Amino acid sequence: MMKKLLRNILKTAAVVIASSTMSVPVIAEPMDDVFTLFDMGGGTISGRSAATGYYVVAMGLSDRSNETKGLEEARIDALRKLNEMINGVTMSGSSSASMEYITVSAEEDREFSKESFVDVVNTRFSGSLSAVKELKSGKYDGSYFVAMLITESDVNKISKLRASSSHSGVAGNTIIIANGSDGASIAQAELKSEFVEAKGLADMKHGEAEARKLALTNALHNAIQQVQGVMLQGKSGKFNDAIALAISTKSEGYVSGYELLDEDIARGQYYVIIEAEVNSGKLLNDVSFYTKIFGQPVFDVHSENSFKTDWLVDELERLGFSINDGKTKSTHSFYLNQKQKSVENHKGVHGIETAVSVELKDNQTGEILFTVTNDPLKSRIYVDPISRSKQVSEHVAYKQLKNAMGVEIIQSLARHAEKGMLYQIVLKNAKRTDVELFKHVLNNGSGGQVEGWNWNKNGKVMILDFRYSGPLSEAFDQSLNEIYRTFKQEGKGRRPHAETINNRTAEFKIITS
């Protein structure tokens, strides 16, 4: 009770302080979400306010010791999160710091390095959201924070102002894109939550408490499927089944809240009826992500059982994936292995056991994304004649695989894409200070991460191990200008010259002005 009272006092004080120090009036509902985001450690929350309609609040945090730089870094973080939530794209902004290494000689011909730290905040974006305003900023629990807000009513106002000059496309640096149907912007469409009524069922054999829990889970899943079904119409085309399967395995986080309308037991089943608020912004963001990654692979199939190659190809085509036709180079390869052996049961009856495995390999990296195997014990068949045992055993083994195959393909591709690919960035004639400048800009301005580097002393070549989810050229589209700008300010006469940048490789030569 005391904790709740203290929280209410803090909220009231925050609203009063904010109203007296900010020109933008604070709205009650989004301000409540700010306190929730404190507990979550930052992030985004969507909701609906009677005053503004649908809204999204994003909070960025910073542990910097300097207030100005801490607030700026938190603001950049909040804007990036807000943009990814609304538009489903990564903003190229950076909050970077450079590090200078100084080699110091010591006794016994040993050398060591000490570092001097130069703190810099860079704020450059390739795009920005319209109608965003700062809701609250300050310091909380040792960290600086900035909460940014975008509302349906403000987006509508901006859209009206721009309607006379642009019906669609990019206006200046502000992203306002008409969807072609009702003139609403993508930001408006994705900001909207969907309120749907859904029913969930569960068998009473689990016991009443467990059945109620399972019925509620089923109802939430059905609510997501309703919104997803409408969303996928005309959106993802041939990948509808694959995306539906992907989202069904990752349903948490899509429901912002729900109200229980009815619950009871009927005909041996527990049922619940709910009205759920489905976060269509997050759902649409995931649909866009899956549509992108599923459109990239081109598969080929290597099989020990030529009669089952068509089975695997049919499974892939059913999910919408492309098969290598001999004209394009395959990006991934399936390897299907099958073995059958004779078995004997406790009565001395002979039969057949079938073991089947399917392996998926990334041809670029050589990484094995997954291996699926059947349960050979469940494929043991004892019928006469033995040829019939072979056929039935094989059929049972492939039926087991079919049930797991689609989910494994979807989840492995998604995991691999989320993890990103490890690229090598070559810096010729480089020093360790050059590496640090590249590292900080790439880490903060590209959405990727430099995981390590190697130094060839003889050739003065530094090789960065850079992990990024997407083509390498896309990372440099976001960060290349920032790299040049940072070197101009802090490179001390050294600057990078891009010799090669493509989807797989990047090479730079560091030259002296």
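In this text the structure is predicted, and so the values were computed from the model without any measurement.

1. A look at the sheet that holds strand E16 (residues 368-373)
Read from one edge of the open sheet, 5 strands run E13-E12-E14-E15-E16, paired in mixed fashion. Looking at strand neighbours, the two that pair on one side only are strand E13 (322-323) and E16, the edges of this open sheet. Relative to E13, strand E12 (residues 298-303) runs parallel, the two sharing 2 bridges. The partner of Val-298 across the bridge, within E13, is Ser-322.

2. Thoughts on the confidence of the model for the protein chain
Counting all residues, the mean pLDDT for the protein chain is 75, and 75% of those residues have values of 70 or more. In the predicted structure, residues 1-27 sits below a pLDDT of 50 and forms 23 contacts with residues beyond four places in sequence or in another chain. Here residues 162-191 is a poorly scored stretch, pLDDT under 50, and it has 46 contacts once near neighbours within four places are set aside; other chains count.

3. Re the pattern of salt bridges
All chains considered together, the criterion is met by 14 salt bridges. A salt bridge links Arg-494 to Asp-434, with the nearest nitrogen and oxygen atoms 2.7 Å apart. Here Arg-494 is found in strand E20 (residues 494-501), whereas its partner Asp-434 is found in helix H11 (residues 432-445), with 60 residues between them in sequence. The exposure classification of Arg-494 matches that of Asp-434, with both residues buried. Each of the salt bridges in this network shares a partner with another, and the network as a whole consists of Glu-315, Arg-318 and Lys-402.

4. What about the packing of H11 against helix H12 (residues 472-490)?
Helix-helix packing: each pair is described by the crossing angle between the helix axes and the interaxial distance. At a closest axis distance of 9 Å, the pairing of H11 and H12 adopts a crossing angle of 140 degrees. Viewed along their axes, H11 and H12 adopt a mutual orientation that is oblique. Crossing hand, H11 versus H12: right-handed. Between H11, through Asp-434, Leu-437, Phe-438, Val-441, Leu-442 and Gly-445, and H12, the contact on the second element is made entirely by Phe-476, Gln-478, Ser-479, Glu-482, Ile-483, Thr-486, Phe-487 and Glu-490. Taken together, the residues that form the contact of H11 with H12 break down as 7 nonpolar, 4 polar and 3 charged.

5. Details of unusual backbone geometry
Cis geometry is found at the peptide bond from Asp-384 to Pro-385, where omega equals -5 degrees. Tracing the backbone through its elements, the reader meets Pro-385 in the loop between E16 and helix H10 (386-419). One non-glycine residue, Asp-141, lies in positive phi territory at about 55 degrees. Note on Asp-141: relative accessible area 73%, which makes it exposed.

6. Focus: the sheet that holds strand E17 (residues 421-428)
Pairing within the open sheet is mixed, and its 5 strands lie in the order E18-E19-E17-E21-E20. Each end of this open sheet is capped by a strand with a single partner; those strands are strand E18 (449-456) and E20. For this sheet the average axis-to-axis angle between neighbouring strands, irrespective of direction, equals 25 degrees. As judged from the 4 bridges shared by E17 and strand E21 (residues 506-512), these two strands associate in the parallel manner. Bridge pairing in E21 places Leu-427 opposite Phe-508. On top of the sheet, H11 reaches E17, E18, strand E19 (461-468), E20 and E21; it is set at about 165 degrees to E18, its chief contact. Running over the sheet, H12 touches E17, E19, E20 and E21 and is turned about 160 degrees from E20.

Scoring rules and cut-offs
- Residues numbered from 1 in each chain as written.
- Predicted model: local features only at pLDDT ≥ 70, side-chain atom pairs only at ≥ 80, totals over all residues.
- Heavy atoms only, no water.
- Pairing = 2+ DSSP bridges.
- Helix = DSSP H or I, 4+ residues; strand = E, 2+ residues; numbered from the N terminus.
- pLDDT = per-residue confidence, 0-100.
- Contact = heavy atoms within 4.5 Å.
- Salt bridge = Lys/Arg side-chain N within 4 Å of Asp/Glu carboxyl O.
- Buried < 20%, exposed > 50% of the residue type's maximum accessible area, 1.4 Å probe, protein only.
- Axes fitted to C-alpha atoms, helices over the stretch in contact; angles between N-to-C directions.
- Parallel < 35°, antiparallel > 145°, perpendicular 65-115°, else oblique.
- Left-handed = near helix turned anticlockwise from the far one by under 90°.
- Nonpolar A, V, L, I, M, F, W, Y, C, P; charged D, E, K, R; others polar.

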